[in-house]
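# Report on the structure
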Amino acid sequence: MRPDWAEKDFYAVLGVKKDASADDIKKAYRRLARENHPDSNPGDTAKHDRFKQVAEAYDVVGDPEKRPKYDELRRMVSSGGFRGGFGGGGYSRGGADQGINLEDLLRDRGGPGGGGGFGDMFGDLFGGGFGGRRTSRPRATKGADVESTATISFTDALEGVTISLRLTSEGACATCSGTGGKPGTKPRVCAECEGSGFVTGSMGGGFNLNETCPACRGRQLLYDEACPTCHGSGRGSSSRTIQARIPAGVKDGQRIRVRGKGGPGENGGPAGDLFVTVKVSPHRVFGRSGDNLTLDVPVSFDELALGSEVRIPTLGGSPVTLKIPAGTPNGRTFRVRGKGATKPDGTKGDLLATVEVQVPAVLDVDARAAVEAYRIATAGKPLRSNLFDQAGS
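Conventions adopted
Once a new chain begins, its residue numbering starts again from 1 and follows that chain's sequence as written. The predicted nature of this model means local features are confined to residues of pLDDT at least 70 and side-chain atom pairs, given and counted, to a pLDDT of 80 or more, with totals for whole chains, interfaces and linings taken over all residues. Hydrogens and water molecules were not included; the side-chain quantities draw on all heavy atoms of the structure. Put simply, DSSP marks the helices as runs of H or I at least four residues long and the strands as runs of E at least two long, and each gets a number from the N terminus on. Buried means the residue's accessible area, taken with a 1.4 Å probe over protein chains only, is under 20% of the maximum for its type, while exposed means over 50%, and partly exposed covers the values in between. When checking whether two residues touch, look at their non-hydrogen atoms; a contact exists if any pair is within 4.5 Å. As used in this structure description, the phrase polar contact means that two N or O atoms lie within 3.5 Å; if the pair is within protein, one of them must be able to donate a hydrogen and the other to accept it, and residues adjacent in sequence are counted only when both atoms belong to side chains. Only buried Ala, Val, Leu, Ile, Met, Phe, Trp, Tyr and Cys residues count toward a nonpolar core, and they belong to the same one when joined by side-chain atoms within 4.5 Å. A helix's residues, less one, multiplied by 1.5 Å, set its expected span. When two rings of Phe, Tyr or Trp (its six-membered ring) have centres within 6.5 Å they constitute a pair, described as stacked for plane angles under 30 degrees, edge-to-face for angles over 60, and tilted for the intermediate range.

### Notes on the environment of Asn-292
Assignment of secondary structure puts Asn-292 in strand E11 (residues 292-299). Asn-292 gets classed as buried once you look at its relative accessible area, which sits at 18%. Counting along the chain gives 50 residues from Asn-292 to Thr-342, while the straight-line C-alpha distance between them is 8.8 Å. If sequence neighbours within four positions are ignored, Asn-292 has contacts with Gly-287, Arg-335, Gly-349, Asp-350 and Leu-352. A distance of 2.8 Å separates a polar side-chain atom of Asn-292 from the backbone nitrogen of Asp-350.

### Focus: the nonpolar core
Judged by nonpolar contacts, the single largest core of 37 residues is most densely connected at Ile-152, Ile-163, Leu-165, Leu-274, Val-278, Ile-312 and Leu-322. Setting aside residues up to four positions removed in sequence, Ile-163 forms contacts with Ala-150, Ile-152, Ile-242, Gln-243, Ala-244 and Ile-246. By size, the runner-up hydrophobic cluster in this structure holds 14 residues, among which are Phe-10, Val-13, Leu-14 and Tyr-70.

### Observations concerning helix H3 (residues 45-61)
For H3, which comprises 17 residues, the first-to-last C-alpha distance of 25 Å matches the rise-based estimate of 24 Å (1.5 Å per residue) to within 8%. Residues of H3 that are buried include every one of Phe-51, Val-54, Glu-56, Ala-57, Val-60 and Val-61, and no others.

### Examining the packing of aromatic side chains
Taken as a whole and judged by the stated rule, the model has four aromatic pairs. Centre to centre, the rings of Tyr-11 and Tyr-70 are 6.2 Å apart; their planes meet at 50 degrees, and the pair counts as tilted. Here Tyr-11 is found in helix H1 (residues 10-14), whereas its partner Tyr-70 is found in helix H4 (residues 66-78), with 59 residues between them in sequence. The exposure classification of Tyr-11 matches that of Tyr-70, with both residues buried. Ring geometry for Tyr-29 against Tyr-58: centres 4.1 Å apart, planes inclined by 5 degrees, an arrangement best described as stacked. Taken together, the residues Tyr-29 in helix H2 (residues 22-36) and Tyr-58 in helix H3 connect sequence positions 29 residues apart. Each residue in the set Phe-10, Tyr-11 and Tyr-70 is aromatic and connected to the rest through ring pairs, giving one cluster.

### Section: the environment of Pro-329
In this structure, Pro-329 sits in the loop between strand E13 (317-324) and strand E14 (333-336). Taking the C-alpha atoms as reference, Pro-329 lies 9.6 Å from Phe-301; in sequence the two are 28 residues apart. With near-sequence residues (within four places) excluded, Pro-329 lies in contact with Leu-304 and Val-355.

Any link to function would need more than the numbers given here.
Shown next, in the form of structure tokens:
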């Protein structure tokens, strides 16, 4: 970043208020970028310049780390703290007639050679300080997210369970703590990026892009002797066992996020997250449909024809009695409320019991005689007459 940006109102360039949300800033940038993009406006130098201004503004106020520093610098400029201004792309070094000397201000408030504060803030903002490049502190980086798979029982899926997972993840090398250098050796500032951790590459069309320095991999420092464990990469793998809570009511194939259980962060950054894909083993009796359990209940013909009461099991609870009205058709489903899976709000779904007529493979003499008598009694009431009538229409 350049010191002359302190005189530019990037919010006005994007057409948003100073307190605009990040989403509003992004929307404004995308709209203006589409309207002024060089590919859409060939030969229109005014729109080309406008596109560059929009891109420059979004690079600052669209960045959650740069924006507060830019706002603070603008506040100090507008309050008259830098009466000499930043004309000509530099900053004032004048005496009393030009107001406060910026270098003195930074030095007094902890600038180069001081103890932190505004000097560090502006040094980070402008890429290494005024009048010389300064090595900034390594940026905290969130750890990598980790994927895992766990198989649990049908009952555990309904009630919730805490499981142990053995994880192997990539993180900072344990030998060199992520520096990439041999322990006990002293580092030197990377000559390629001058200790900034990035280099500037050209994208063409007058645009530049900051990229991670290929020499130091963004670590800003180099070691003449590489770490014997990671061979200078600064990365290593580690295995650990963690406890993960699988919530009640989880479904087969569902992906559970466990925050902070992923790979370790670097330079004080937070750990990544763990994503567990849950596989649920089937039950021998019960099935599942969303938050409801399902159950196939075998019944006889007479129980449906004459009506009956049958006892059916529930998962983890006492049996219940299912009242079947006379004339119930085969395949009808009955609902037993509150005997299903646990929902996210703590309530329970239902048990859906479907009656299925079981035809005996073998009949004894008395049963066969009874069935034959039933056939004779219902012979005058053909069941399939409507089938042929509808087929011919």
